[in-house]
Amino acid sequence: MKQEKEEKKYVRRLKMIVSNIWYIIAIVAICVTVTMLIVNWSATVAALGKMFQVFMPFILGFFFAFLIFPLVRIFSNLFDHIRTGKGLKIKKVFGILIAYAIVIGFLTLIVVFVAPQIAQSVRELVKTVQKGYAYIQSHPTTFLDWIPFVNTQDVMEKLKDNITGIATNASTVVFPYIYNLFSSTFVLVYDIFFGLVISIYMVWEKDALVKSFHRQVNAFIPKKYSEKTWVTMLNCNRIFNGFLLGKAIDSLIIGIITFIAMLVLQFPYPVLLSVIVGVTNMIPYFGPIIGAIPGCAIYLFIDPQLALWFALLILAIQQFDGWILGPWILGDQTGIKPLAVILGITVGGAYFGVLGMFLGVPTVAVLQYLGSLLVKNRLKKKGLEEDTEENNSEEKTEELPEA
């Protein structure tokens, strides 16, 4: 009996030693890999960029499925009384067909009607700029009277030099730029098309994908933490998806209101500027300012009074959005403070450009939610009670949403 105990003890020690050796090997391998990646940073960035480019249709597919699935669920729920049999598949097919018909119809509407209007506005704007440049050339004294603090002669000489340089280097600078622009546009259209196709499969297999991912969470996370981890992930999805979808609807309505108001007030370039206002409205706090700048700059060149009226119009629309429309659509989807919003926009914009500015705020909201859960658990372990208001907000957040 004693010998058996000794043998079991020896086996446990041996297993522990082997396990520690494997941990050491894994840590060393990770450290060596990270060091090699940092030393060869340029090659690492190039490889990551290539991988990102290859997987872009799948990334876009996931993103499209992420945004379109709420529409699928809405139209599928029209037949909520069907719960068994072949009717479930018919219900799902109906929801997918209607949702994608709306999305593709909306994209077609943009390509067929909105894009030509924007192109026409840009052409008219270019002609206006050319006329303005010709006017400045023929009336330098008048231009100097408008802005006496600017040395008109120097400005004219720099403009002439730049135009001459562009004309001289057109074959070496402009044409390659146009070629790269067309190539990038073709690649983008290709990625969007296949992203939409992939998203259809993801939406169709959504339940199977969620179950598979749930199984993996249960398989690799200890049992006492797996369900809480799954609920946390669902809440993160609710926060992120809720903000994006709500903000997209809000920005679409703001763009339409801006377009109608500009038509009624007879502002030039209503389609171009309302699209800019609607898109930039996706960026919280700073979006309205960013959206107003191009319009004000254009109207300053045409008529300073138009610029002032346009600024007042955008101010009125954004006040309506901030006080009425936004709270009605979004509610408290993120619940983050303005400082955190600024942080998300700044960091996201610095590393990922415009897309980072759009996604920075919901990302910060998710991180804030995870941080609040961590703080709550730490306080609970120490036997400290949180503030009542925080407890109430956490109870609301931890409700299990629909997967």
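Residues numbered from 1 in each chain as written. Predicted model: local features only at pLDDT ≥ 70, side-chain atom pairs only at ≥ 80, totals over all residues. Heavy atoms only, no water.

Q: Would you take a moment to explain the overall build of the protein chain for this structure?
A: The secondary structure content of the protein chain amounts to 14 helices and zero strands. Walking the protein chain from its N terminus toward its C terminus, one meets helices and strands in the order α-α-α-α-α-α-α-α-α-α-α-α-α-α. Classification of the 403 residues of the protein chain by burial places 28% in the buried group. Considering only contacts in the protein chain between residues 6 or more positions apart, those separated by 24 or more positions represent 69%. Summing over all exposed atoms, the protein chain offers an accessible surface of approximately 28000 Å²; the carbon and sulfur share of this is 71%. (Helix = DSSP H or I, 4+ residues; strand = E, 2+ residues; numbered from the N terminus. Buried < 20%, exposed > 50% of the residue type's maximum accessible area, 1.4 Å probe, protein only. Contact = heavy atoms within 4.5 Å. Areas by Shrake-Rupley, 256 points an atom, 1.4 Å probe, with all protein chains shown as cover.)

Q: Explanation requested: the side chain of Thr44 in the structure shown.
A: Structurally, Thr44 can be placed in helix H2 (residues 41-54). A polar contact is formed between the side chain of Thr44 and the backbone oxygen of Asn40, at a distance of 2.8 Å. (Polar contact = N/O pair within 3.5 Å; in protein donor to acceptor, adjacent residues only side chain to side chain.)

Q: Which parts of the structure should I look at to understand the nonpolar core?
A: One recurring pattern in soluble globular proteins: nonpolar side chains tend to sit buried together. Residues Met262, Tyr269, Leu273, Tyr299 and Phe310 are the most contacted members of the largest nonpolar core, which totals 19 residues. If you list the elements that add at least two residues to this core, you get helix H9 (223-264), helix H10 (270-280), helix H11 (287-302) and helix H12 (304-330). It is H12 that contributes the most residues to this core, six residues altogether. Leaving out residues up to four positions away in the same chain, Leu273 has contacts with Met262, Pro268, Gly295, Ile298, Tyr299 and Phe310. With 17 residues, the next largest nonpolar core counts Ile239, Ile283, Val361 and Leu373 among its residues. (Core = buried A, V, L, I, M, F, W, Y, C linked by side-chain atoms within 4.5 Å.)

Q: So what exactly am I meant to see when it comes to the environment of Ala292 here?
A: Along the chain, the position of Ala292 falls in helix H11. The class for Ala292 is buried, based on a relative accessible area of 13%. Ala292 sits 19 residues away from Ala311 along the chain, and the two C-alpha atoms are 6.5 Å apart. Once residues lying within four places of it in the same chain are set aside, the contact partners of Ala292 are Phe310 and Ile314.

Q: Hey, could you run me through a nonpolar patch on the surface in this one?
A: A surface patch of nonpolar side chains, amounting to about 1100 Å² of accessible area, comprises Phe106, Leu107, Leu109, Ile110, Val111, Val112, Phe113, Leu252, Ile256, Ile260, Val264 and Leu265. Looking at the nonpolar patch, the elements that each hand over two or more residues are helix H4 (87-138) and H9. (Patch = residues over 30% accessible without salt bridge, like charges linked within 9 Å, V, L, I, M, F, W, Y side chains within 5 Å. Salt bridge = Lys/Arg side-chain N within 4 Å of Asp/Glu carboxyl O.)

Q: Explain the packing of aromatic side chains to me, please; I cannot follow it from the model alone.
A: Tallying each qualifying case throughout the model produces nine aromatic pairs. Consider the rings of Phe193 and Phe194, whose centres lie 5.3 Å apart with planes at 85°: the pair is edge-to-face. Given the relative accessible area of 32%, Phe194 is considered partly exposed. Ring plane angle 75° and centroid distance 5.3 Å describe the contact between Tyr299 and Phe310, whose orientation is recorded as edge-to-face. Placement of the pair is Tyr299 in helix H11 and Phe310 in helix H12, with a sequence separation of 11 residues. Sitting over the face of the ring of Trp204, Lys92 holds its NZ or CZ atom 4.9 Å from the ring centroid. (Phe/Tyr/Trp six-rings, centres within 6.5 Å; stacked < 30°, edge-to-face > 60°. Lys NZ or Arg CZ within 6 Å of the ring centre and 35° of its normal.)

Q: Sorry, what's going on with the packing of helix H8 (residues 206-220) against H9 here?
A: Angle between the axes and distance between the axes: these two values describe a pair of packed helices. At a minimum axis distance of 9 Å, the contact between H8 and H9 shows a crossing angle of 140°. Classed by the angle they form, the pair H8 and H9 counts as oblique. In this structure, the crossing between H8 and H9 has a hand that is right-handed. Contact with H8, carried on its side by Val210, Phe213, His214, Val217 and Asn218, involves Ser226, Glu227, Thr229, Trp230 and Met233 of H9 and no other residues of that element. By residue class, the composition of the contact of H8 with H9 is five nonpolar, four polar and one charged. (Axes fitted to C-alpha atoms, helices over the stretch in contact; angles between N-to-C directions. Parallel < 35°, antiparallel > 145°, perpendicular 65-115°, else oblique. Left-handed = near helix turned anticlockwise from the far one by under 90°. Nonpolar A, V, L, I, M, F, W, Y, C, P; charged D, E, K, R; others polar.)

Q: Would you mind showing me how to read unusual backbone geometry here?
A: Most peptide bonds adopt trans geometry, and most residues besides glycine take a negative phi value. Here Gln266, not a glycine, exhibits a phi torsion of approximately 60°, which is positive. According to the relative accessible area criterion, Gln266 is exposed, its value standing at 68%.

Q: Honestly, the packing of H10 against H11 in this entry has me stumped. Any pointers?
A: Look at H10 against H11: their axes get within 7 Å of each other, and the N-to-C directions meet at 160°. The orientation of H10 with respect to H11, classified from their angle, is roughly antiparallel. Note that H10 runs across H11; the crossing there is right-handed. Contact residues: H10 offers Leu273, Ile276, Val277 and Thr280, while H11 offers Gly287, Ile290, Gly291, Pro294, Gly295, Ile298 and Tyr299. Classifying every residue of the contact of H10 with H11 by side-chain character gives seven nonpolar, four polar and no charged.

Q: Help me understand helix H3 (residues 56-76), please; the structure alone is not making it clear to me.
A: Residues spaced three or four apart along an α-helix face the same direction, because each turn holds 3.6 residues. Between its first and last C-alpha, H3 extends 29 Å over 21 residues, near the 30 Å set by a 1.5 Å rise per residue. By the largest-angle criterion, Ile68 marks the main kink of H3, which is about 35°, and a proline, Pro70, follows within four residues. (Expected span 1.5 Å × (residues − 1). Bend = angle between axes of the 7 residues up to and from the residue.)

Q: Help me out: how do you make sense of the confidence of the model for the protein chain in this one?
A: Close inspection of predicted coordinates is inappropriate in any region flagged by low pLDDT. In this model, the protein chain carries an average pLDDT of 77, and 76% of its residues clear a pLDDT of 70 or more. Confidence scores differ between elements of the protein chain, with helix H14 (residues 388-397) showing the lowest mean pLDDT of 46 and H10 the highest of 87. Note on residues 388-403: pLDDT under 50 across the span, and 24 contacts to partners over four residues away in sequence or across chains. (pLDDT = per-residue confidence, 0-100.)

Q: Any chance you could explain the environment of Asp250 here in plain terms?
A: By the element assignment, Asp250 lies in helix H9. Between the C-alpha atom of Asp250 and that of Gly326, which follows or precedes it by 76 residues, the distance is 6.4 Å.

Q: Explanation requested: a positive patch on the surface in the structure shown.
A: A contiguous patch of positive charge, built from Lys224, Lys228, Arg378, Lys380, Lys381 and Lys382, is present on the exposed surface. When residues of the positive patch are traced back to their parent elements, those giving at least two are H9 and helix H13 (338-381). Take the positive patch: its biggest share by element is three residues, from H13. Tracing the backbone shows Lys228 in helix H9. (Lys, Arg positive; Asp, Glu negative; His and termini not counted. Charge placed at Lys NZ, Arg CZ, Asp CG, Glu CD.)

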